[in-house]
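# Architecture and fold: a report
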Amino acid sequence: MINLQVALGNRSYPIYIGSGLISHADLYSPHIKSNQVLLVTNETIAPLYLTSVLNCLHEYNCEQVVLPDGEQFKTLEVVTKVFDKLLSSRFGRNATLIALGGGVIGDMGGFAAACYQRGMPFLQIPTTLLAQVDSSVGGKTGVNHPLGKNMIGAFYQPQCVIADADVLDTLDDRQLSAGLAEVIKYGLIRDAEFFTWLEQNIEALLNRDKQALAFAIERSCINKAEVVSEDETETGIRATLNLGHTFGHAIETGAGYGKYLHGEAVAIGTCQAADLSRRKGWLTDADVERIITLFKKAKLPVNPPEELDAERFLELMSVDKKNSEGKIRLILLEQIGRATLPMKANQDLLEMTLRCYGRK
Ligand code: NAD
Ligand code: GLY
């Protein structure tokens, strides 16, 4: 088992990565503070993994909430079901919430934990590649609003992250590829050597080679933990983790939540950010080609949806947490392996990217 640390002073916590971890009772117990435990999962994951987790929790008074599955259910209304269960079970603020699922369950479970009685401990058990390499680490929690993605939320760190690579066996290929989008992101923003490794090993990852997957999860989590430890609440460098996300969130919101997977929208958005970085004179044509080729090899889309024209993109991108004084701010690439901090977009170049990149 790999044991990484997210170093955040008295809020530090371990990320456990390995095989079969969800069935190890001794991983849970040091992180559970009272005998009250609420397991939050969804209707797809429950039949697959709920029993394995419950088997580790015999000694606790364990309740469950099984939420509907899908990004469209990542709402305040659905989170209320978690509060209903906590209150009707008379759970106190020392009860522990366990979020078992992908990024949607992790974000909603974490948000419920942040709010319930102003904060209860919670554990992340990420079950998608995307959640194992990104969303379960770092304490960003929240829900969507019809006017903008992840607009309601809190920074709230888990007690630990248990990333069991074996649960990825039941993940479908489209979801695996979506996770690879966030893996590729780390290579692009701060780890050129990892980007090259990904170019060489993308087939092995798609074929679910266990060693390759374990390496990619570990290297991604090391990158994420370093960034979060340096800038927990995104006053600086953490924003680089949002490469491609301003375009991507616009695609997710504009197309309707659930049509594009988050990772798919990020892949397209990252190609748009790369195109804009080339127009700024930073990336070469060859760099942009390398980036697009890797996303394509990872079986991810690289062109924006035709129905979202430049005007609609601009409208949607104007609702973003990185924006300030009404100006769109973006993360761009100075080179493969080095991202900028959020910078005001040059309107003419941005419009050129939105009108030209990936359009017929
Ligand atoms: P998801 O949570 O919707 O999971 C994808 C699908 O896979 C769902 O249908 C789910 O039920 C199913 N699933 C999950 N685990 C499975 C398994 N082991 N076997 C079979 N099916 C399984 O999507 P996601 O890609 O994990 O997460 C996307 C969400 O994460 C978005 O809402 C995004 O905004 C958020 N996110 C948050 C952060 C953060 O820092 N908090 C970072 C990146 C993304
Ligand atoms: N996924 C972006 C972040 O955690 O900051």
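Just so it is clear, the model here is predicted, and its values are computed rather than measured.

Calculation criteria
- Every residue gets a number counted from 1 within its own chain, in the order that chain's sequence is written.
- Here chains are named by letter from A upward and ligands by number from 1 upward, in the order in which they appear as written.
- Given that this is a predicted model, residues contribute local features only at a pLDDT of at least 70 and side-chain atom pairs are listed and counted only at 80 or more, while totals for whole chains, interfaces and linings are drawn from all residues.
- Excluded from the side-chain calculation are hydrogens and water; included are all heavy atoms of the structure.
- We count a stretch as a helix when DSSP gives it H or I for four or more residues in a row; a strand needs E for two or more, and each element gets its number in order from the N terminus.
- Our radius of gyration is a C-alpha quantity, and the globule rule it is checked against amounts to 2.2 Å times the number of residues to the power 0.38.
- Only protein chains enter the accessibility calculation, which uses a 1.4 Å probe; a residue whose area is less than 20% of its type maximum is buried, one above 50% is exposed, and one in between is partly exposed.
- Only heavy atoms enter the contact rule, under which two residues are in contact if any of them lie within 4.5 Å.
- Exposure was quantified through the Shrake-Rupley algorithm and a 1.4 Å probe, taking into account, for residues, occlusion by the shown protein chains and nothing else.
- Throughout this document, a residue counts as near a molecule or strand when at least one of its heavy atoms sits within 4 Å of that molecule or strand.
- N or O atoms within 3.5 Å of each other form a polar contact, as long as, within protein, one can give a hydrogen and the other can take it, and as long as residues adjacent in sequence are counted only when both atoms are side-chain atoms.
- The directions considered for the arc are those from the helix axis to the C-beta atoms.

### Structural notes on the overall build of the chain
In terms of regular secondary structure, the chain is built from 13 helices and 13 strands. The C-alpha radius of gyration computed for the chain amounts to 20 Å, which stays within 12% of the reference 21 Å derived for 360 residues, consistent with globular compactness. Based on the C-alpha atoms only, the size of the chain along its principal axes is roughly 60 × 40 × 35 Å. Within the chain, buried positions represent 59% of all 360 residues. Put simply, 75% of the contacts in the chain that link residues at least 6 apart link residues at least 24 apart. Just so you have it, the chain exposes about 14400 Å², and 49% of that area is on carbon and sulfur atoms.

### Describing the site of ligand 1
What surrounds ligand 1 is a group of 27 residues, the closest being D69, E71, T127, T128 and T170. In the environment of ligand 1, a nitrogen atom lies 2.7 Å from a nitrogen or oxygen atom belonging to the side chain of T170. Across the complex, the protein chains shield 90% of the 870 Å² of accessible surface that ligand 1 would expose by itself.

### Here we look at helix α13 (residues 347-356)
Within the sequence span of α13, burial applies to L349, L350, T353 and L354. Along the axis of α13, the buried residues cluster in a sector spanning 135 degrees; they form a single face. Lining the buried residues of α13 we find α9 (245-255), α10 (262-279), α12 (310-317) and β10 (329-330). Where α13 ends, the next residue or the one after it, G358, has phi of about 70 degrees, a positive value.

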